[in-house]
Protein chains: 2
Amino acid sequence: MKAAVFVEPEHVGVREVERPRIEKPTDAIVRVLKACVCGSDLWWFRGISERPHNTLVGHEAIGIIDEVGADVHDMKPGDFVIVPFTHCCGHCEACEKGYDGNCFNMEPGGNAGYQAEYMRATWAGTALIKIPGTPADYTDEQIASLLALSDVMATGYHAAWSSRIEPGDTVVIYGDGAVGLCAVIGAKLLGAGRIIMMSRHEDRAALAREFGATDIVPERGDEAVARIMEMTNGAGADRVLECVGSEQSIESAVRSGRPGAYVSRVGVPHDNSIDVNALFWRNVSLTGGIASVATHDKSTLLKAVLDGEINPGKVFTASFDLDHVQQAYEAMDGRRAIKSMIDIAEA
Amino acid sequence: MKAAVFVEPEHVGVREVERPRIEKPTDAIVRVLKACVCGSDLWWFRGISERPHNTLVGHEAIGIIDEVGADVHDMKPGDFVIVPFTHCCGHCEACEKGYDGNCFNMEPGGNAGYQAEYMRATWAGTALIKIPGTPADYTDEQIASLLALSDVMATGYHAAWSSRIEPGDTVVIYGDGAVGLCAVIGAKLLGAGRIIMMSRHEDRAALAREFGATDIVPERGDEAVARIMEMTNGAGADRVLECVGSEQSIESAVRSGRPGAYVSRVGVPHDNSIDVNALFWRNVSLTGGIASVATHDKSTLLKAVLDGEINPGKVFTASFDLDHVQQAYEAMDGRRAIKSMIDIAEA
Ligand SMILES: [Zn+2]
Ligand SMILES: [Zn+2]
Ligand SMILES: [Zn+2]
Ligand SMILES: [Zn+2]
């Protein structure tokens, strides 16, 4: 079968590899229909973070179950499913508390390579999200939104959810990438009164507004913080969602919160230094982390997509076939696409 | 009048100084009955943190209002009051959100010198906590508990409150000083099911048990974390209250939490470096800060003391008169007293 592989920085190729097999009775093999490129993939694409060469890539997909292991009773071949980037057992302490992204039984190296014709999905009975009906029952827009539930929408929602938004809260969002845009949707779902998106890109700002942002702030760094203070009577925002992961963004986020604010991070962090005393003296809480994809999809997000209440699929602004996967990465790397979809097979 | 002053590291003296006067219409002058020494005072007493020489000291007291400014309508001379270490305006955004310890209108250098015969209390109408009746209406034990509401009990409660304890939660407490012991009381008030106190001191462990601790763990560092993991099926605790402020303690606290845990800090931090990525990858939230003394006292703690539901005054294990204030500090510095009371005047 064909699969995308990381060749070296700046270069993703398509190779003929062996079709994955059921290895454990809790596995399923999924025939991938659509996959996509994640902002976090750009770290290794750009050579900033290390990744072994010639490894399978991709961690977001939707598809059709092709085969299941002996212990998978809740899913069967033919089922239409979301394959989250997390793969949770459903019964450990982390899963039970709603933190399935931290499942204690996640298989290291499991679920490798979603940008491929087939993939092995571990813990299929609990980790996969079953979509009612078949792909033919949905419009292209709905299919895109279902694909977004494999990571980006669940991660944006996780930012909002972790920050414990209360109805009417003023929420600031740092990062106008696909995750930050989905965080706007999450903040709105949770009842935020005012949603301030930090953005200096016309297309992203427009989408943020469409998703529910009430204000757009183009400033950065010190000026961004000054602007937020001006907009909140000098107090700071109730909640700040940090969807970038850089040191500057986290620092600005912390400074943008009022005493007692929650600052929630979902951008994969690439710096680990922040002044934690700045948190202490102002009672600012630092929260967030790896998204609880299964928990959020099952409790809230799948229904919201099926009801047409949210349309996160709009973050996909470009599509490519698997043979052009290199272009899918390049489009995001060059910020020409907010998020790239990869069409792998017809239903 | 007599007042305690910081002379130089390891030396606190008593000096004749001018009696403070009303400076602003929102001030009151309080005749101090009892003050006390705080664990945070030991930082400058030991010379670890800088403090100008010959400055008035002390930030926790109870007393009788002697005089009020023209704009103080809710307090009058003769009223029996708690003087919190915070001094909040009651109407700014921080005060309104319940973070009075971060009041935007706190007067820099206001409320100096609680270990004195008289003190100037700023924002008297909102910052002071009125105690019903007169000192003669209370036992020595109750008086001690009322004094504890000026800081240590409110700070211990703040740790528990900031960590958003849910009924039945397993809560670990690092720090068996007066604040950590009061955090036990706070955790119990908020419904914790299991309260694990880290302590290797017989007297403090006994008081922790009396306050509601269900388990005592003497280990430190890596062994402490291993022990917590053993006690929680390898998952970690739901909530961790960090009442020390050292780098090692914060690091152990973070590692002791389960995925999704809240780690709450109220120990005044003296290091600002922690691995914030360790928080991210396990969805551990870092919260806490300067206590909301007025908010907690008025909403919860004063009533709990008056009802006899809590007895935080038991943390005072030694008393001194003002002339022996040096000994009051030494007793805490040498860990011979959990917390030192200073008797300044009879009612
Ligand atoms: Zn992703
Ligand atoms: Zn699990
Ligand atoms: Zn204190
Ligand atoms: Zn205030």
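My aim in this report is to walk through the structure given alongside it, one point at a time. The shown structure was predicted, so the numbers you read here are calculated from the model rather than taken from an experiment. (Residues numbered from 1 in each chain as written. Chains lettered and ligands numbered in written order. Predicted model: local features only at pLDDT ≥ 70, side-chain atom pairs only at ≥ 80, totals over all residues. Heavy atoms only, no water.)

### Considering the coordination of the zinc ion (ligand 4)
Residues and elements named next belong to chain B.
Piece 1. Within the protein, the atoms that donate to the zinc ion (ligand 4) are Cys-89 (SG), Cys-92 (SG), Cys-95 (SG) and Cys-103 (SG), at distances of 2.3 to 2.4 Å.
Piece 2. Geometry at the zinc ion (ligand 4) is tetrahedral, judged from its four donor atoms and the angles of 101 to 118° they form at the metal.
Piece 3. Here the donor residues of the zinc ion (ligand 4) share one chain and are spaced in sequence as C-x2-C-x2-C-x7-C.
Piece 4. Using a relative accessible area of 3% as the deciding quantity, one classes Cys-89 as buried. (Donors = N, O, S within 2.8 Å, 3.2 Å for Na, K, Ca; no water. Tetrahedral: all angles 85-135°; square planar, octahedral: opposite > 155°, others 65-115°. Buried < 20%, exposed > 50% of the residue type's maximum accessible area, 1.4 Å probe, protein only.)

### Here we look at unusual backbone geometry
Piece 1. The phi angle at Trp123(A) is positive, at roughly 45°, despite the residue not being glycine.
Piece 2. One non-glycine residue, Asn233(B), lies in positive phi territory at about 55°.

### Brief notes about the relation of the copies chain B and chain A
Piece 1. When chain B is brought onto chain A, the operation consists of a screw motion whose angular component is 180° and whose axial shift is 0.0 Å, with 0.0 Å RMSD remaining. Such a combination of rotation and displacement between the chain copies is what one expects of a two-fold axis. Considering only C-alpha atoms, the residue of chain B closest to the rotation axis is Leu286(B), which sits at 2.6 Å.
Piece 2. A share of 100% of interface residues in chain B that are also interface residues in chain A marks the association as one of identical surfaces. (Least-squares fit on C-alpha atoms with pLDDT ≥ 70 in both. Contact = heavy atoms within 4.5 Å.)

### A look at the interface of chain B and chain A
A common way to report how large an interface is uses the accessible area buried once the components associate.
Piece 1. Tallying the contact residues gives 40 residues for chain B and 40 residues for chain A.
Piece 2. When chain B packs against chain A, the two sides together hide about 3500 Å² of surface, and 54% of this comes from carbon and sulfur.
Piece 3. The interface formed by chain B and chain A includes two salt bridges.
Piece 4. Close ionic contact of Asp238(B) with Lys97(A) constitutes a salt bridge, the shortest N to O distance being 3.4 Å.
Piece 5. Linking chain B to chain A there are 19 residue pairs in polar contact (both at pLDDT 80 or more).
Piece 6. Mapped by element, the contributors of at least two residues to the side of chain B that touches chain A are α2 (93-96), α5 (152-162), β13 (257-265), α10 (276-280) and β14 (285-288) of chain B.
Piece 7. Among the elements that make up the side of chain B that touches chain A, the one with the highest residue count is β13(B) (five residues). (Buried area = accessible area lost by both parts, 1.4 Å probe. Salt bridge = Lys/Arg side-chain N within 4 Å of Asp/Glu carboxyl O. Polar contact = N/O pair within 3.5 Å; in protein donor to acceptor, adjacent residues only side chain to side chain. Helix = DSSP H or I, 4+ residues; strand = E, 2+ residues; numbered from the N terminus.)

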